[in-house]
Amino acid sequence: MSHSPAPEGGRADVLIVGAGLAGLSAAVRAAELGLVPLLLEAGAVQRYPSNTRYSGAVFHLGFRSMRDDPAELARWLVTATDGFVRPELAAVMADNAGRSINWLIGQGIEFGRGETNDGWHDLVAMPRGSHGRPGLRWEGLGADRMLDSLEEALERRGARIGRGVRVAALSFADGRCCGVRTSDGREMRARAVILANGGFESNDELLRRYVTAFPERMRQRGPGIGRGDGLIMAAEAGAELIGMEAFYGHTLSADARHNDKLWPFPFLDFLAASGVLVDRNAARFTDEGKGGVPMANAVARHPEADPFFAVFDAAIWDETGRLLFSPTNPNLVKHGGTLHRADTLDELAAAAGLSAQALRQTVEQHNAAVASGDFSILTPLRTNAKNNARSVATPPFYAAPGCVGITHTMGGVRIDAQGRVLAKDGSVIPGLFAAGNIAGGLDGGPQAYYAGGLAQALIFGLLAAEAIAAA
Ligand SMILES: Cc1cc2nc3c(=O)[nH]c(=O)nc-3n(C[C@H](O)[C@H](O)[C@H](O)COP(=O)(O)OP(=O)(O)OC[C@H]3O[C@@H](n4cnc5c(N)ncnc54)[C@H](O)[C@@H]3O)c2cc1C
């Protein structure tokens, strides 16, 4: 594969901003349908970093198989987000899930099963990574290869990625988006523009405005390229922004901020969801039962949670700690993460710098709820449907200091079922489309429920290209 020079303009039917999965799917599909795509990518190197390239390549929709019954899937996406995802968007994602995967297979991408034997790890781009080793690994793995295959498919159709081209502004004529301006001042024109530049997880100013007062506390779980450029441009053009507060992320060891062996895995999620999650005052502050992503969202906003602690006992450490991919036990300690351990809760509190009385009280209340099965006695309330709370009673006791790992933002520009960007009054902004992490309204919401970034990028990349070809 050649390293493509930045394009000098020329005729293009569609300009696509960003060459992650959303942008590449859109470009290849546009070329298949007879359009001339121009794909502009800010990354200058051959293997430019993107969320897609760093991803685990697990294709799922709402932690369900993309091959599940579409009507069931659509219902689930609405239910799981408490109605945040509009039924027409849920339906279009569910209806297009299976055929989008088939399209990828048609581009030469091979799928297999994941490491865990559950229903939603049935579509993993191969070769899959093993979580047994520490730190981030992506080279030669499924997502990296998938981007190569899509780039090859694009080149077979006579188009290529323009690397090192950062789009800085949108151009409009007669109210219609008709092109872009690059950061080095070039103007490019086309019938339509697809924004596929990812989220705003690496833009502290936007994070502070929409997500948390403390963005600097978070560890990026991705490549750090999510500046929100497209979101800013679309907002200036009048786009409605939706669900801006929610992000996809997990709880990590506090040491992940300076130790690269401790991100993107292991998570503290499962330990905290079995035991208790406490702040610096040894007080609970969120419903651990909702699981990792909502927990990470709550931690990010809590002023007293730097660090927070996952508190658990020997039974949880030996059982829950060993579950799932990249188990916290033994990876946390093996790779240098702090884990306080003591025979009594008072000693644990002393080791972790917490109030012994407060920690004892928090754990006693938790244990009383577990023993009685009545979680309504807890403040804040704890639910127990998704993650089973266990008593914290068997010494030694543990406290793992944590930080939030932000993978990507879930909010973004509102789109319709064809990927067209909508203005605040609900009208379509002519010529402007969005796909992938830049788009909002597809998951998140009050539950911060994550529905699968790769699936959304793929589906709306294809739909946007098809809508432009059909216009
Ligand atoms: C560690 C990790 C693991 C993950 N695992 C999974 C998983 O297993 N399953 C899953 O569903 N999701 C997973 N995700 C999330 C998933 O990777 C993303 O949701 C998805 O890849 C988003 O695709 P995208 O095309 O929207 O964005 P990206 O892949 O981030 O692509 C955006 C591209 O736009 C470019 N760009 C940005 N600004 C500009 C600009 N101004 N001009 C030109 N180009 C620009 C960027 O350089 C980048 O290449 C994971 C993410 C991470 C970080």
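Please read all numbers here as calculations on a predicted model, not as lab measurements.

Peer 1: Tell me what's going on with the sheet that holds strand S17 (residues 412–414), and back it up with residues and numbers.
Peer 2: Overall, mixed pairing links the 3 strands, which are arranged S11-S17-S20 in an open sheet. Both edges of this open sheet fall to strand S11 (241–242) and strand S20 (439–440), since each of them pairs with a single strand only. Relative to S20, S17 is paired through 2 bridges, and the arrangement is parallel. Its bridge partner being in S20, valine 413 is matched across the sheet by alanine 439.

Peer 1: Could you give an account of the layout of surface pockets, naming the residues involved and the relevant values?
Peer 2: In this structure, the second largest pocket spans a volume of roughly 200 Å³. Around the second largest pocket, the lining is made up of 15 residues, and of these Pro294, Asn297, Ala298, Arg301 and Pro446 lie nearest the centre. Classifying every residue of the lining of the second largest pocket gives 6 nonpolar, 5 polar and 4 charged. Both domain 1 (14–245 + 410–470) and domain 2 (249–406) contribute no fewer than three residues apiece to the lining of the second largest pocket.

Peer 1: Any chance you could break down empty space enclosed by the protein for me, citing the residues and the numbers?
Peer 2: Unfilled space is identified by rolling a water-sized probe across the atoms. Considering all chains together, one arrives at 2 cavities of 30 Å³ or more under this definition. Within this model, the largest cavity holds a volume of roughly 70 Å³. Lining the largest cavity are Thr212, Phe214, Arg217, Met218, Arg257, Val299, Ala300, Ala305, Asp306, Gly402, Cys403 and Val404. Elements with a minimum of two residues in the lining of the largest cavity: helix H9 (292–301) and strand S16 (397–409).

Peer 1: Explain the sheet that holds strand S8 (residues 187–189) to me, using residue names and the numbers behind them.
Peer 2: Strand order in the open sheet made by the 3 strands is S6-S7-S8, with antiparallel pairing throughout. One side of each edge strand has no neighbouring strand; the edge strands of this open sheet are strand S6 (167–173) and S8. On average, each strand axis in the sheet is inclined to that of its neighbour by 30 degrees, with strand direction left out of account. With 3 bridges joining them, strand S7 (residues 176–182) and S8 adopt antiparallel strand pairing. In the sheet register, arginine 181 faces S8, and the bridge partner there is glutamate 187.

Peer 1: How would you explain the packing of helix H1 (residues 21–32) against helix H5 (residues 142–156) if you had to name every residue and give the values?
Peer 2: With their axes 9 Å apart at the nearest point, H1 and H5 run at an angle of 25 degrees to one another. Judged by the inter-axis angle, H1 sits roughly parallel to H5. Viewed along their axes, H1 and H5 form a crossing whose handedness is left-handed. Across the interface between the two elements, Leu21, Leu24, Ser25, Ala27 and Val28 of H1 pack against Met146, Leu147, Leu150, Glu151, Ala153 and Leu154 of H5. Residues that form the contact of H1 with H5 fall into these classes: 9 nonpolar, 1 polar and 1 charged.

Peer 1: Help me get a handle on the site of the ligand, residues and values and all.
Peer 2: Around the ligand sit 39 residues in total, of which Glu41, Thr52, Val58, Asp229 and Asn437 are the nearest. Valine 58 places a main-chain nitrogen or oxygen 2.8 Å from a nitrogen atom of the ligand. Computed on the free molecule, the ligand has an accessible area of 1000 Å², of which 97% lies beneath the protein chains in the complex. Secondary structure elements with two or more residues in the shell around the ligand: H1, strand S2 (37–41), helix H2 (51–54), S16 and helix H14 (453–470). Among the residues making up the shell around the ligand, the classes are represented as 18 nonpolar, 16 polar and 5 charged.

Peer 1: Can you tell me about the domain arrangement of the protein chain, naming the residues and giving the values?
Peer 2: If you check the domain split of the protein chain, you get domain 1 (14–245 + 410–470) and domain 2 (249–406). The straight-line distance from the C-alpha centre of domain 1 to that of domain 2 is 32 Å. On the side of domain 2, 29 residues touch domain 1, which itself brings 23 residues to the contact. Together, the buried faces of domain 1 and domain 2 total about 2400 Å²; carbon and sulfur atoms form 61% of this surface. At the junction of domain 1 and domain 2, the tally comes to 2 salt bridges. Ionic pairing is found between arginine 219 and aspartate 260, a salt bridge with its closest N-O pair at 3.5 Å. Seen at the junction of domain 1 and domain 2, the total is 12 residue pairs in polar contact (both at pLDDT 80 or more).

About the cut-offs
Residues numbered from 1 in each chain as written. Predicted model: local features only at pLDDT ≥ 70, side-chain atom pairs only at ≥ 80, totals over all residues. Heavy atoms only, no water. Pairing = 2+ DSSP bridges. Helix = DSSP H or I, 4+ residues; strand = E, 2+ residues; numbered from the N terminus. 1 Å grid on protein atoms, 1.4 Å probe; cavity = no way out; pocket = protein on both sides within 12 Å on 5 of 7 lines; lining within 4 Å. Points joined across faces, edges and corners; volume = space filled by probe spheres on them. Nonpolar A, V, L, I, M, F, W, Y, C, P; charged D, E, K, R; others polar. Domains from an automatic or database assignment. Axes fitted to C-alpha atoms, helices over the stretch in contact; angles between N-to-C directions. Parallel < 35°, antiparallel > 145°, perpendicular 65-115°, else oblique. Left-handed = near helix turned anticlockwise from the far one by under 90°. Contact = heavy atoms within 4.5 Å. Near = heavy atom within 4 Å. Polar contact = N/O pair within 3.5 Å; in protein donor to acceptor, adjacent residues only side chain to side chain. Areas by Shrake-Rupley, 256 points an atom, 1.4 Å probe, with all protein chains shown as cover. Buried area = accessible area lost by both parts, 1.4 Å probe. Salt bridge = Lys/Arg side-chain N within 4 Å of Asp/Glu carboxyl O.

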